[in-house]
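Residue-level listing of the chains:
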Amino acid sequence: MTTVAFAEVPSPVGTLVPAVTEEGLVALGWGGMVVARERLGPGITEVRDPDRTAQVVAELEAYFAGELRAFETPVDWRLTSGSRRVVLQTLHRVPYGSAVTYGELAARSGSAVPARGIGSIMGSNPIPIVVPCHRVIAGNGLGGFSGGEGVETKRWLLTHEGYLQPTLLDL
């Protein structure tokens, strides 16, 4: 039986809900506990275990405070498989403050996924921020983003990491 513990983490880009199994962080997203439970589907039993979620909560808080550049929370990859998993695991190694294009991520992953397919994988990433899909950009601009408030959330995260320069709206 797989168990999962949830937490809620307020952040500048909205409240995030991490879901942690015995193996590690399996999902992270916006939309509250109900959305997180639906994403995991049947066969998972919820447990109240603040100790299990403590590491990812502390790391997210440190990340948003500008004190953390690399997440060390173990990741449970069970919601991914095949080429999708290979691409997301490659993305997991893209460092803080940098970005890659969809095509560059496709090439780095060594998968047969074309650049267009990378966008679809990014849109279904179950662990945004920790597996940093916001660091994948289009060759001619930011590209899309399905988390939080969409592209504005992506822009905020890339600015927070120093990849983009702040605009007058950020001051």
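The structure under discussion appears in the preceding block.
Here the structure is a predicted model, which means the values were calculated and not measured.

Novice: Residue-level account of the overall build of the protein, with values.
Specialist: Along its length, the protein carries 6 helices and 6 strands. Starting at the N terminus and walking to the C terminus, you meet the elements of the protein as β-β-β-α-β-α-α-β-α-α-β-α. The C-alpha atoms of the protein give a radius of gyration of 16 Å, which matches the 16 Å a tight globule of 171 residues would have. When the backbone C-alpha atoms are referred to their principal axes, the protein occupies close to 45 × 40 × 25 Å. Per-residue burial for the protein yields a buried fraction of 46% across its 171 residues. Sequence-distant contacts, at least 24 apart, represent 57% of the contacts inside the protein between residues at least 6 apart. Carbon and sulfur atoms make up 52% of the accessible area of the protein, which totals about 8,400 Å².

Novice: Mind laying out the pairing of strand S2 (residues 17-20), listing which residues take part and the relevant values?
Specialist: Burial of S2 is two-sided: the residues Val 17 and Ala 19 facing one way and the residues Pro 18 and Val 20 facing the other way are all buried. By the bridge criterion, 2 bridges tie strand S1 (residues 2-6) to S2 in an arrangement that is antiparallel. Looking across to S2, one finds that Ala 5 is bridged to Val 20. Judged from the 4 bridges that link them, S2 and strand S3 (residues 25-29) form a sheet pairing that is antiparallel. Each residue of the ladder has a partner; that of Val 17, found in S3, is Gly 29. Joining the antiparallel neighbours S2 and S3 is a turn of 4 residues, in which Gly 24 adopts a positive phi near 155°.

Novice: Tell me about the pattern of salt bridges, and name the residues and values.
Specialist: Throughout the structure, instances matching the rule amount to 5 salt bridges. One salt bridge in this structure joins Asp 49 and Arg 52, with 3.6 Å as the shortest N-O distance. Between Glu 161 and Arg 135 there is a salt bridge whose closest N-O contact spans 2.8 Å. A residue pair is termed long-range when its members are at least 10 positions apart, and Glu 161 in the segment after helix H6 (151-160) and Arg 135 in the loop between helix H5 (115-123) and strand S6 (136-137) qualify at 26 residues. Shared partners join several salt bridges into a network, and the residues in it are Glu 23, Asp 76 and Arg 78.

Novice: Pulling in residues and values, what's your account of the sheet that holds strand S4 (residues 44-46)?
Specialist: Judged by pairing direction, the sheet is mixed, and its 4 strands sit side by side in the order S3-S2-S1-S4 without closing on themselves. Bordering the open sheet on either side are S3 and S4, each of which pairs with just one other strand. Each adjacent strand pair in this sheet contributes to an overall mean axis angle of 25°, direction not counted. Set on the sheet, helix H2 (residues 50-64) makes contact with S1, S2 and S3; between it and S1 the angle comes to about 40°.

Novice: How would you explain the packing of helix H4 (residues 102-109) against H5 if you had to name every residue and give the values?
Specialist: Running from amino to carboxyl end, H4 crosses H5 at an angle of 95°, the nearest separation of the two axes being 8 Å. Taken as axis vectors, H4 and H5 run roughly perpendicular relative to one another. Contacts between H4 and H5 involve Tyr 102, Gly 103, Leu 105 and Ala 106 from the first element and Ala 115, Ile 118, Gly 119 and Met 122 from the second. Grouping the amino acids of the contact of H4 with H5 by side-chain chemistry returns 6 nonpolar, 2 polar and no charged.

Novice: Quick one: what's the story with the packing of aromatic side chains, residue by residue and with numbers?
Specialist: The final tally for this structure, using the stated rule, is 5 aromatic pairs. Centre to centre, the rings of Tyr 63 and Phe 64 are 5.0 Å apart; their planes meet at 80°, and the pair counts as edge-to-face. Here Tyr 63 matches Phe 64 in class, with each residue buried. Aromatic rings pair up to connect Tyr 63, Phe 64, Phe 71, Tyr 96 and Trp 156 into one cluster.

Novice: Requested: an account of the side chain of Thr 159, with residues and values cited.
Specialist: Its location among the elements puts Thr 159 in helix H6. Here the side chain of Thr 159 touches Arg 155 through a polar contact of 2.8 Å, landing on its backbone oxygen.

Thresholds applied
Residues numbered from 1 in each chain as written. Predicted model: local features only at pLDDT ≥ 70, side-chain atom pairs only at ≥ 80, totals over all residues. Heavy atoms only, no water. Helix = DSSP H or I, 4+ residues; strand = E, 2+ residues; numbered from the N terminus. Rg over C-alpha atoms; globule rule 2.2 N^0.38 Å. Buried < 20%, exposed > 50% of the residue type's maximum accessible area, 1.4 Å probe, protein only. Contact = heavy atoms within 4.5 Å. Areas by Shrake-Rupley, 256 points an atom, 1.4 Å probe, with all protein chains shown as cover. Pairing = 2+ DSSP bridges. Salt bridge = Lys/Arg side-chain N within 4 Å of Asp/Glu carboxyl O. Axes fitted to C-alpha atoms, helices over the stretch in contact; angles between N-to-C directions. Parallel < 35°, antiparallel > 145°, perpendicular 65-115°, else oblique. Nonpolar A, V, L, I, M, F, W, Y, C, P; charged D, E, K, R; others polar. Phe/Tyr/Trp six-rings, centres within 6.5 Å; stacked < 30°, edge-to-face > 60°. Polar contact = N/O pair within 3.5 Å; in protein donor to acceptor, adjacent residues only side chain to side chain.

These values are about where atoms sit, not about what they do.
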